[in-house]
Amino acid sequence: MRLLSTFLLALLLTACDQQAEGFFIEKSWIREAPPNARALAGYMLLNNNTAKDVTLVSAQSDDFAVVQFHRSIEEDGVYRMQHYPQLTVAAGETIEFKPADFHLMLMSPKRALTLGDTVTVQVTLSDQTVVLLNIPVQKKAP
């Protein structure tokens, strides 16, 4: 029975990167970049299965000097990035971080990252809950 419980807990943890009382961050990944890239992008699903809005107020990683919430916006055929100091996920909503849309902007890497590496990112919510993500470096979405 204990082995089954351990297996089910491990399965639950791999199905979802991290959660905070009904707020789930899952399917996270960082796009592999060329050596010496000055910035990388992180993607994921933010699922708010609660009855109230959840606001992400900051993100940080020991592997990057700066981690910010960004969104790529297309205007007249040209994309530009918009920085979001905070990002709110409305009650019952999901926001997908994906290429050419919302993403984590991971700037000034402190080490070379290659395919298969894992980056730990700490996301702080407005209620001071800290969500830890272990994000794999991959070629494409999982």
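Whatever comes next refers back to the structure up there.
Described below are features of the structure shown in this document. (Residues numbered from 1 in each chain as written. Predicted model: local features only at pLDDT ≥ 70, side-chain atom pairs only at ≥ 80, totals over all residues. Heavy atoms only, no water.)

### So, the overall build of the protein
In step 1: Summing up its helical and strand segments, the protein has one helix and 11 strands in all.
In step 2: In sequence order, the protein lays out its α and β elements as α-β-β-β-β-β-β-β-β-β-β-β.
In step 3: Taken over 142 residues, the protein has a buried fraction of 36%.
In step 4: When contacts within the protein are restricted to residue pairs at least 6 apart in sequence, those whose partners lie at least 24 apart make up 63%.
In step 5: Of the roughly 8600 Å² of accessible surface on the protein, 53% is carried by carbon and sulfur atoms. (Helix = DSSP H or I, 4+ residues; strand = E, 2+ residues; numbered from the N terminus. Buried < 20%, exposed > 50% of the residue type's maximum accessible area, 1.4 Å probe, protein only. Contact = heavy atoms within 4.5 Å. Areas by Shrake-Rupley, 256 points an atom, 1.4 Å probe, with all protein chains shown as cover.)

### Side note on the pairing of strand β9 (residues 102–109)
In step 1: Where strand β3 (residues 39–48) lies against β9, four bridges are found, and the strand directions are antiparallel. In the sheet register, A41 faces β9, and the bridge partner there is M105.
In step 2: Pairing analysis gives seven bridges linking strand β5 (residues 64–75) to β9, with the strands arranged antiparallel. Opposite Q68, over in β9, you have M105 as the bridge partner. (Pairing = 2+ DSSP bridges.)

### Observations regarding the nonpolar core
In step 1: In terms of nonpolar packing, the biggest core is built from 32 residues, with F23, M44, L46, L56, F97, L104 and V123 touching the most fellow members.
In step 2: No other element matches β3, which puts five residues into this core.
In step 3: In this structure, L46 is in contact with F23, F24, I25, L56, L87, V89, E93, T94, I95 and F97, ignoring residues within four places of it in sequence. (Core = buried A, V, L, I, M, F, W, Y, C linked by side-chain atoms within 4.5 Å.)

### Regarding the pattern of salt bridges
In step 1: For the structure shown, the criterion picks out five salt bridges.
In step 2: Close ionic contact of R111 with D63 constitutes a salt bridge, the shortest N to O distance being 2.8 Å. With R111 in the loop between β9 and β10 (118–125) and D63 in the loop between β4 (54–60) and β5, this pair connects stretches of sequence that are 48 residues apart.
In step 3: Judged by its relative accessible area of 14%, D63 falls in the buried class.
In step 4: Across the pair R71 and D101 runs a salt bridge, and its minimum N-O distance is 2.8 Å. With R71 in strand β5 and D101 in the loop between β8 (94–97) and β9, the pair connects residues that are 30 residues apart, well separated along the chain.
In step 5: By relative accessible area, which is 29% here, R71 ends up partly exposed.
In step 6: A residue is classified by how much of its surface remains accessible, and D101, at 14% relative accessible area, is buried. (Salt bridge = Lys/Arg side-chain N within 4 Å of Asp/Glu carboxyl O.)

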